[in-house]
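# Residue-level structural notes
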Amino acid sequence: MNNNISDKDKKDWENFLSNKETLPNKDSKVSKIKSYKTIHCDLHGYSLEDANLKVSDLIIKSFEAGVNKLIIVTGKGLHSKNENDPYVSKDLSILKYSVPEFISNNKHLMKIIYEMKDAKIEDGGGGAFYIYLKKNKK
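Reference entry: report on the structure contained in this document. These numbers were taken from a predicted model, which means no experiment stands behind them. (Residues numbered from 1 in each chain as written. Predicted model: local features only at pLDDT ≥ 70, side-chain atom pairs only at ≥ 80, totals over all residues. Heavy atoms only, no water.)

### Observations regarding the pattern of salt bridges
Which entries qualify depends on this criterion: When a carboxyl oxygen of Asp or Glu is within 4 Å of a side-chain nitrogen of Lys or Arg, the pair counts as a salt bridge. Where helices and strands are cited, they refer to DSSP runs of H or I of at least four residues and of E of at least two residues respectively, numbered from the N terminus. For every residue, the accessible area obtained with a 1.4 Å probe (protein chains only) is divided by the maximum for its type, and the residue is called buried under 20%, exposed over 50%, and partly exposed between those limits.
Tallied over the full model, the rule gives two salt bridges. In this structure, K8 and D12 form a salt bridge, with 2.9 Å as the shortest nitrogen-oxygen distance. In this pair, K8 and D12 both sit in helix α1 (residues 7-18), four residues apart, roughly one turn of the helix. Here D12 falls in the partly exposed class, since its relative accessible area comes to 38%. Across the pair K61 and D57 runs a salt bridge whose closest N-O atoms are separated by 3.3 Å. Placement of the pair is K61 and D57 together in helix α2 (residues 48-65), with a separation of four residues, close to one helical turn.

### Digging into the packing of aromatic side chains
Let me state the cut-off plainly: A pair of aromatic rings is counted whenever rings of Phe, Tyr or Trp (Trp by its six-membered ring) have centres within 6.5 Å, and the orientation is called stacked for planes under 30 degrees apart, edge-to-face for over 60 and tilted otherwise. For a lysine, the NZ atom is tested; for an arginine, the CZ atom; a charge sits over a ring if that atom is within 6 Å of the ring centre and within 35 degrees of the ring normal.
One pass over the structure, following the stated rule, counts two aromatic pairs. Just above the ring of Y130 sits the side chain of K69; from NZ or CZ to the centre is 4.5 Å.

### Focus on the nonpolar core
Stated precisely, the cut-off is as follows: Side-chain atoms within 4.5 Å are what join buried Ala, Val, Leu, Ile, Met, Phe, Trp, Tyr and Cys residues into a set we call a nonpolar core. Working rule for contacts: check all heavy atoms of both residues, and any pair within 4.5 Å makes them a contact.
Of all hydrophobic cores here, the largest spans 19 residues; its most connected members are L43, I59, L70, I72, V99, I103 and I131. Within the residue set of this core, elements represented by two or more residues are α2, β2 (69-73), α3 (95-104), α4 (107-112) and β4 (128-133). Counting residues per element, this core draws most heavily on α2, which supplies five residues. Not counting residues up to four positions away in its chain, the partners in contact with I131 are I59, N68, K69, L70, I72, I103, I113, E115 and M116. Ranked by size, the runner-up nonpolar core spans six residues in total, among them I71, V73, A119 and A128.

### A look at the pairing of β2
Applied cut-off: Paired strands, in this sense, are two strands between which DSSP finds at least two bridges. Here the term right-handed applies to a crossover when the path leading from its first strand over the helix to its second strand runs clockwise, the strands being oriented away from the viewer.
Among the five residues that make up β2, five are buried, leaving the element largely enclosed by the rest of the structure. Examined bridge by bridge, strand β1 (residues 38-42) and β2 share five bridges and lie parallel to one another. By the bridge assignment, H40 is partnered in β2 with I71. With α2 bridging β1 and its parallel neighbour β2, the resulting β-α-β unit is right-handed. The sheet contact formed by β2 and β4 spans five bridges and is antiparallel.

As far as function goes, none of this settles anything; it's purely spatial.
Given below as structure tokens:
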């Protein structure tokens, strides 16, 4: 190893020490925490038709108001009385499945929706889902 330090290196080192500028810490990880304007909607007790109308209206009004996250609580369908009716689907008439299906099939709503996904356990888990809306460019 060479112990000789050039004059240029000494000068650069002195300039560095005299400069009060701080270097960024590349090891610290700063996470971007995105804040959402959120609205909750609980559809317990709604009929299928009423739930679809309510959600459709909520999505449009929320988009216009600049809300970007909706938490839609449908329930899990555990207390549904659909099993007593042989002419009704046990799954597709339950709001948990039918409301997201209704939204997915509505082209107007899908134009303003960025993403739909299952909710975290603290927001309802399997009985709820999120709708993330696109930014309204008025």
